[in-house]
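# Notes for the structure review
Each chain is listed here by its residues.
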Amino acid sequence: MTAIYLTTTIPYVNARPHLGHALEFVQADVLARYHRQAGAQVRLQTGTDDNALKNVLAAQAAGVSVREFVDGNAAAFADLARQLTASVDDVISTSSDPRHRPAVERLWLACEQAGDLYLKQYAGLYCIGCEQFYTEAELTGGRCPEHGTVPQQVTEENWFFRLSSYGDRLRSAITSGRLRIEPAARRNEVLGFIDGGLEDFSVSRSASRAHGWGIPVPGDPEQVIYVWFDALGNYLSALDYGTGGANLRRWWTDSAHRVHLLGKGVLRFHAVYWPAILLSAGLPLPTELLVHDYVTVDGAKIGKSAGNAVDVTNLVSGYGADAVRWWLLREVARVGDTDFTLDRLISRANDELANGIGNLVHRVVALVGKYRAGLVPVANGRALPGAQRLEQARGQAPELIEAALADGDFRQATAAVYAIASEANKYISQTEPWRLVKAERAGDAQASAQLDAVLAALIETCRELAGYLGPFLPEAAARIEAQCYPASCATAAGRLQRPAPVFTRLIPPLDSPA
């Protein structure tokens, strides 16, 4: 049986979660549910990146202890996963989980034993937002390209990792497909970075500049381990790497598929730094990196400093997890940033969920109730005239969904699902079951047989639709199944219950132009 280890990145907890964080939770959950549905063993892991200087500074600004601040925001991220119905198997908080520090220390010592760590006096431009050093050439007008802030000039002695030794091995892993990066534009970006020449990078910070927050460097308590070395280790620490437990063998060192979901802003860390650290430590590489772009507001990346953060908790409370999940899956592009507006979320939910999928299920169940007393007819292999487009949408869906999800293309995957509902609604209008029943009542046996075939096909379509929708909107899929199977058992025998709305139409707020 296939084993798949799926991870999200672990966000900084210097602020509460926003819509951008929700994107990765939802994408990872879809993949986890899809593969579980296909019979694979799946572990979905998320967590929070606690040991960052930006968390310390945010706690100071809030006037509370770092521990109180970090724990409160970490809990908010875990709660967001629950609100979005993400089927998470494990959540690791890097400052409090007892599994984390031993694992990071073991990873450090493995790299040290490989001869890849050394002390060096260093001066550079440091962006606290990114928690990384930049060269002058990498800045945009003297500012961080990610945050638009002016980096700090920092001079100190740090431990460095010999990244420069791993360029050829990293390139080989990527070009051979051993480390698959999707989409291709991001893979090419990584290869370009490698071909430009890799420089060793700092993997520690002075304990004083870190305000004593973080994991001390083994054997050097005046230094703490750099937050990215620390954070990337979470992918192993939650598998008991610190103790070499069975989880590590099952989900990492044996034959499991190891899939990281991440945003384009942290691509270099996951596609270059992290694989090099793993090679140094003698550990297998991830098998796939699925990279997404940003959710933006008014064209700008969502962020606390930008003042444009969308409160995703309020969004889910006001409009429901289904609407939020569907917008993130149906509208966010595979390549390129996607701008969010509340009007777009409401329109997408009303047009495709309420008026599309929900309306289909309600119509079909109501037709069976009205014309067959809730008893689902048996098609008996009768041909369905004019159903070619519907049958095509149903037949193509499995292959289209599988291929799209393999590439991390959630927009195309959901398009294949929605196409079934769209074609089924068109088929109802085309076949006009209410006209067939009039002919049946007039004694037309052929019309009666055709009505049975149409209703049987439509019910089966709705049942299939629920199955395909399950990974994307699990709660909605369950509501569809409940209506399309008899209450007594999940077979074709028995009566269907009266239809109930699968989705509620959303109402724009009074100040919305929608």
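Here the structure is shown first, and the text comes after it.
Residues numbered from 1 in each chain as written. Predicted model: local features only at pLDDT ≥ 70, side-chain atom pairs only at ≥ 80, totals over all residues. Heavy atoms only, no water.

## Some words on the packing of aromatic side chains
Scanning all chains against the criterion turns up 13 aromatic pairs. Following the ring pairs from residue to residue traces out a cluster consisting of Phe161, Tyr166, Phe201, Trp228, Phe269 and Tyr273. Arg258 extends its terminal NZ or CZ atom over the ring of Trp252, reaching a point 5.5 Å from the ring centre. Here the guanidinium or amino end of Arg479 rests over the ring plane of Phe503, the centre of that ring lying 5.7 Å away. (Phe/Tyr/Trp six-rings, centres within 6.5 Å; stacked < 30°, edge-to-face > 60°. Lys NZ or Arg CZ within 6 Å of the ring centre and 35° of its normal.)

## Concerning the sheet that holds strand β10 (residues 216–217)
Taken together, the three strands give an open sheet; going across it, the order is β9-β11-β10, and neighbouring strands pair in antiparallel fashion. Of all strands in the sheet, those with a lone pairing partner are β9 (204–206) and β10, marking the two edges. Pairing geometry for β9 and strand β11 (residues 220–225), over three bridges, is antiparallel. Looking across to β11, one finds that Ser206 is bridged to Gln223. (Pairing = 2+ DSSP bridges. Helix = DSSP H or I, 4+ residues; strand = E, 2+ residues; numbered from the N terminus.)

## With respect to the side chain of Arg43
For Arg43, the position within the fold is in strand β2 (residues 41–48). Look at Arg43 and you get buried, because its relative accessible area is 10%. Of the polar contacts made by the side chain of Arg43, one reaches the side chain of Asp90; its length is 2.8 Å. (Buried < 20%, exposed > 50% of the residue type's maximum accessible area, 1.4 Å probe, protein only. Polar contact = N/O pair within 3.5 Å; in protein donor to acceptor, adjacent residues only side chain to side chain.)

## Quick notes on the pattern of salt bridges
Overall, the coordinates contain 30 salt bridges when judged by the stated rule. The shortest N-O distance in the salt bridge between Asp407 and Arg180 comes to 2.7 Å. Of this pair, Asp407 sits in the loop between α14 (388–406) and α15 (410–431) while Arg180 sits in strand β7 (residues 180–182); the two residues are 227 residues apart in sequence, bridging distant segments of the chain. Note on Asp407: relative accessible area 28%, which makes it partly exposed. Looking at Arg180, the relative accessible area reads 24%, which means it is partly exposed. As a salt-bridge pair, Glu423 and Arg389 come within 3.2 Å of each other at their nearest N and O atoms. Of the two residues, Glu423 is situated in helix α15 and Arg389 in helix α14; the sequence distance between them amounts to 34 residues. In this structure Glu423 comes out as buried when scored by relative accessible area, which is 12%. (Salt bridge = Lys/Arg side-chain N within 4 Å of Asp/Glu carboxyl O.)

## Considering the pairing of strand β4 (residues 117–127)
Taken together, the 10 bridges between β4 and strand β6 (residues 152–161) define a ladder with antiparallel strand orientation. Looking across to β6, one finds that Tyr122 is bridged to Glu156. Bridging between β4 and strand β5 (residues 132–134) involves three bridges; their strand directions are antiparallel. In the sheet register, Tyr126 faces β5, and the bridge partner there is Phe133.

## A look at the packing of α14 against helix α17 (residues 445–469)
Contact geometry of α14 with α17 gives a least axis separation of 11 Å together with a crossing angle of 15°. Classified by the interaxial angle, the pair formed by α14 and α17 is roughly parallel. Judged by the sense of rotation from one axis to the other, the crossing of α14 with α17 is left-handed. Contact with α14, carried on its side by Leu390, Arg394, Ala397, Pro398 and Ile401, involves Ala457, Glu460, Thr461, Glu464 and Tyr468 of α17 and no other residues of that element. Tallied by class, the residues present in the contact of α14 with α17 amount to six nonpolar, one polar and three charged. (Axes fitted to C-alpha atoms, helices over the stretch in contact; angles between N-to-C directions. Parallel < 35°, antiparallel > 145°, perpendicular 65-115°, else oblique. Left-handed = near helix turned anticlockwise from the far one by under 90°. Contact = heavy atoms within 4.5 Å. Nonpolar A, V, L, I, M, F, W, Y, C, P; charged D, E, K, R; others polar.)

## Looking at helix α3 (residues 66–83)
Taking 1.5 Å of rise per residue, the 18 residues of α3 would be expected to cover 26 Å, and the 26 Å separating its terminal C-alpha atoms lies within 8% of that figure. Listing the buried residues of α3 in full gives Val66, Phe69, Val70, Asn73, Ala74, Ala76, Phe77, Leu80, Ala81 and Gln83. Contacts from the buried residues of α3 go to α1 (19–37), β2, α2 (53–62), β3 (90–93), α11 (312–319) and α12 (321–331). (Expected span 1.5 Å × (residues − 1).)

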